[in-house]
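# Residue-level structure breakdown
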Amino acid sequence: MKFKISNARRLIYVVMFAFAFLLLTFDFSLAATTAAKHYTELKLPALPAVKLPKYERFVLKNGLVVYLVEDHELPLVSGSALVRTGSRWEPGEKVGLAGLTGAVMRTGGTKKHSPDELNEILEQRAASVETSIGEGSGNASFDALSEDTETVLGLFAEVLREPVFAQDKLDLAKTQAKGGIARRNDDPNGIASREFKKLVYGKASPYARTVEYATLDQINRDDLVQFYQQYFHPNNMILGIVGDFDSKKMRSLIQAKLGDWQRNPKITQPQLPEVSTATTGGVFFVNQPQLTQSSVLIGHLGGRFDSPDYAPLDVLNGVLNGFGGRLFNEVRSRQGLAYSVYGYWSPRFDYPGMFLAGGQTRSDATVQFVKSLQTEIKRIQAQPVSSKELAFAKESTLNSFVFNFQDPGQTLSRLMRYEYYGYPSDFLFRYQKAVAATTAADVQRVAKQYLKPENLVTLVVGNQTTIKPPLTGLAKQVTPIDVTIPGSPSQTKN
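Quick notes on the rules
Residues numbered from 1 in each chain as written. Predicted model: local features only at pLDDT ≥ 70, side-chain atom pairs only at ≥ 80, totals over all residues. Heavy atoms only, no water. Helix = DSSP H or I, 4+ residues; strand = E, 2+ residues; numbered from the N terminus. Contact = heavy atoms within 4.5 Å. Core = buried A, V, L, I, M, F, W, Y, C linked by side-chain atoms within 4.5 Å. Buried < 20%, exposed > 50% of the residue type's maximum accessible area, 1.4 Å probe, protein only. Pairing = 2+ DSSP bridges. Axes fitted to C-alpha atoms, helices over the stretch in contact; angles between N-to-C directions. Expected span 1.5 Å × (residues − 1). Arc of directions from axis to C-beta. Polar contact = N/O pair within 3.5 Å; in protein donor to acceptor, adjacent residues only side chain to side chain. Salt bridge = Lys/Arg side-chain N within 4 Å of Asp/Glu carboxyl O. pLDDT = per-residue confidence, 0-100.

## A few points about the side chain of Thr 458
- In this structure, Thr 458 sits in strand 11 (residues 457-462).
- Apart from residues no more than four positions distant in its own chain, Thr 458 is found in contact with Gly 282, Val 283, Phe 284, Leu 297, Ile 298, Val 370 and Gln 374.

Shown next as structure tokens:
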């Protein structure tokens, strides 16, 4: 009987507690609803100052530059090496050489470990070692649990110092590259990006040329070995390691694995390829009959990050783009012409980038879409930005600034890249101050100075029969571009 009474009382207490909780929740909800404000009335605290994490930089006797950042939040260690190389220095008749070198350097194994052995050791430890070579740099990286750091760093050093470029892995990489060539016209945005670079930089420019079946067939294993031997030396790279380690012990480990790697006293910095405007205007078209919409790019040659006007140009980007930007409000929302629309001043570290505007639109709205882009480019030159537009662009730019420092690894990568391209380590902070100081007059000045409406190159990838009115409404002469893939995939040549 006592047991039954106890349960009854317990049930009553539970019901009373639940009722009281509901009353409190209702009161709080009512109060919250009453006090709710429109988002424009919210006053948010100022962004906290962004600080660089503590890091150590030193140089080994062989010339290897090393950055170390301790981060003990998780038992992980990551490292990456930037190598002064890139596809822009591969011979024109062997386009694809740098990419193949970067891929097979890892997949081909080392003098001490076959590809399968290397993969097995790494997989057993949930670790990775990767290599690649892009347009302007080479990269080698590793990730490991902190307890496996010595083992994985040793394998990382092997891949850097003793790759064997196994012939079967080269054959496989070439086959994969040829598969990519065969599929490269499947994506209209990819076609637009590829062909637009050719129009701006020139077909033969290292910043625009493409891998072809013929250039792959010209590449053999000796080419990979020679390309590797030309650039992969300790005095031609920067190594950064971040994670759960003791810096003193890590210095000793780096010295043991990489300190006896001989420097190359004869290595020289290759001269950067020259860049000049290849096309100063015109309308170009790639016919893709299967498409139901058009991919559009318009623009011209641009500039570099170290321009004194980089900050106001970036604020100009903020005025043009995003929710509340001029292009979104006018071209997408008011005129309903675009699925997506954008316009960016897009600089590069050590060569001119591009100014690009474009998006995707209905076939029958293509001409009107292009004209609307042209109108907005001219309007930002002629019509000063309002105080509201300026504040919105600066605030969004400065608010996004903090995402450059989400974790120590991201910050370390930025420090390494600045040193790689010869930028000051506080470049990003100088930029932050310059954005904050940008005025409406600055935005209009750089728009007038750097945007060239009279030199805009226009490229449309779409269905010729459904683009009505036709592209001749933009220019009397519309130049077709043939994207037929030359040659055919042949047997891989050794």
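After that view of the structure, there is still more to cover.
## Points about the nonpolar core
- Counting residues in each nonpolar core, the largest one holds 60 residues, and the members touching the most others are Ile 298, Leu 316, Phe 369 and Leu 451.
- Apart from residues lying up to four places away in sequence, Leu 451 is in contact with His 300, Leu 316, Trp 345, Phe 355, Ile 377, Ile 380, Gln 381 and Val 446.
- By size, the runner-up hydrophobic cluster in this structure holds 51 residues, among which are Leu 64, Leu 68, Leu 216 and Met 250.

## Concerning unusual backbone geometry
- For the peptide bond that leads from Lys 468 to Pro 469, omega is 0°, which places it in the cis range.
- On the secondary structure map, Pro 469 appears in the loop between strand 11 and strand 12 (478-480).
- Not every positive phi belongs to a glycine, and Ala 126 is a case in point at roughly 50°.
- Looking at the element boundaries, Ala 126 is found in the loop between helix 3 (115-124) and strand 4 (128-133).

## Things to note about the sheet that holds strand 6 (residues 237-243)
- An order of 1-2-6-3-5-4 is seen for the six strands of this open sheet, with the pairing classed as mixed. The outermost strands of the open sheet, each flanked by one partner alone, are strand 1 (56-59) and strand 4. Mean inter-strand twist for the sheet, computed between neighbouring axes without regard to direction, equals 15°.
- In this fold helix 4 (residues 149-161) packs onto strand 3 (76-83), strand 4, strand 5 (138-145) and strand 6, with an angle of close to 160° to the strand it touches most, strand 5.

## With respect to helix 9 (residues 247-258)
- With 12 residues, helix 9 extends 16 Å between its outermost C-alpha atoms, agreeing within 8% with the 16 Å of an ideal straight helix rising 1.5 Å per residue.
- Every buried residue of helix 9 is listed here: Ser 247, Met 250, Leu 253, Ile 254 and Leu 258. Projected down its long axis, helix 9 carries its buried residues within an arc of 115°, all on one side. Helix 9 presents Lys 248, Lys 249 and Ala 256 as exposed residues on the side facing more than 90 degrees away from its buried surface.
- In this fold, the buried residues of helix 9 make contact with strand 1, strand 2 (65-70), strand 3, helix 4 and strand 6.
- With a side-chain oxygen positioned 3.2 Å from the backbone nitrogen of Lys 248, the residue opening helix 9 is Asp 246.

## Re the pattern of salt bridges
- Applying the stated criterion across every chain, the model contains 17 salt bridges.
- Across the pair Arg 161 and Asp 260 runs a salt bridge, and its minimum N-O distance is 2.7 Å. Note that Arg 161 is positioned in helix 4 and Asp 260 in the loop between helix 9 and strand 7 (282-287), a separation of 99 residues in sequence.
- Classification of Arg 161 as partly exposed rests on a relative accessible area of 25%.
- With relative accessibility at 48%, the residue Asp 260 sits in the partly exposed group.
- Arg 326 serves as the salt-bridge partner of Glu 389, at 2.7 Å between the closest nitrogen and oxygen. Taken as a pair, Glu 389 in helix 13 (residues 387-401) and Arg 326 in helix 11 (residues 326-334) lie far apart in primary sequence, 63 residues in all.
- Overlapping salt bridges, with partners in common, bring together Arg 194, Glu 195 and Lys 198 in one network.

## Quick word on the side chain of His 233
- Among the structural elements, His 233 can be located in the loop between helix 8 (221-231) and strand 6.
- Given a relative accessible area of 13%, His 233 falls into the buried group.
- A distance of 2.6 Å separates a polar atom in the side chain of His 233 from the backbone oxygen of Gln 229.
- Separated by 3.4 Å, the side chains of His 233 and Asn 264 make a polar contact.
- Residues in contact with His 233, not counting those within four places in the same chain, are Trp 261, Asn 264 and Ile 267.

## Topic: the confidence of the model for the protein
- Per-residue confidence for the protein gives a mean pLDDT of 91, with 89% of residues at or over 70.
- Below pLDDT 50 for its whole length, residues 1-9 participates in zero contacts with residues either more than four positions away or in separate chains.

## Topic: the environment of Leu 239
- Along the chain, Leu 239 falls in strand 6.
- In sequence terms Leu 239 and Met 416 are 177 residues apart; their C-alpha atoms lie 8.0 Å from each other.

## Considerations on the pairing of strand 4
- Alternating residues of strand 4 divide into Val 129, Thr 131 and Ile 133, all buried, and Ser 128, Glu 130 and Ser 132, none buried.
- Strand direction decides the pairing type here: strand 4 and strand 5, joined by six bridges, are antiparallel. Each residue of the ladder has a partner; that of Glu 130, found in strand 5, is Ser 141.
- The hairpin turn running from strand 4 into strand 5, its antiparallel successor, is four residues long.

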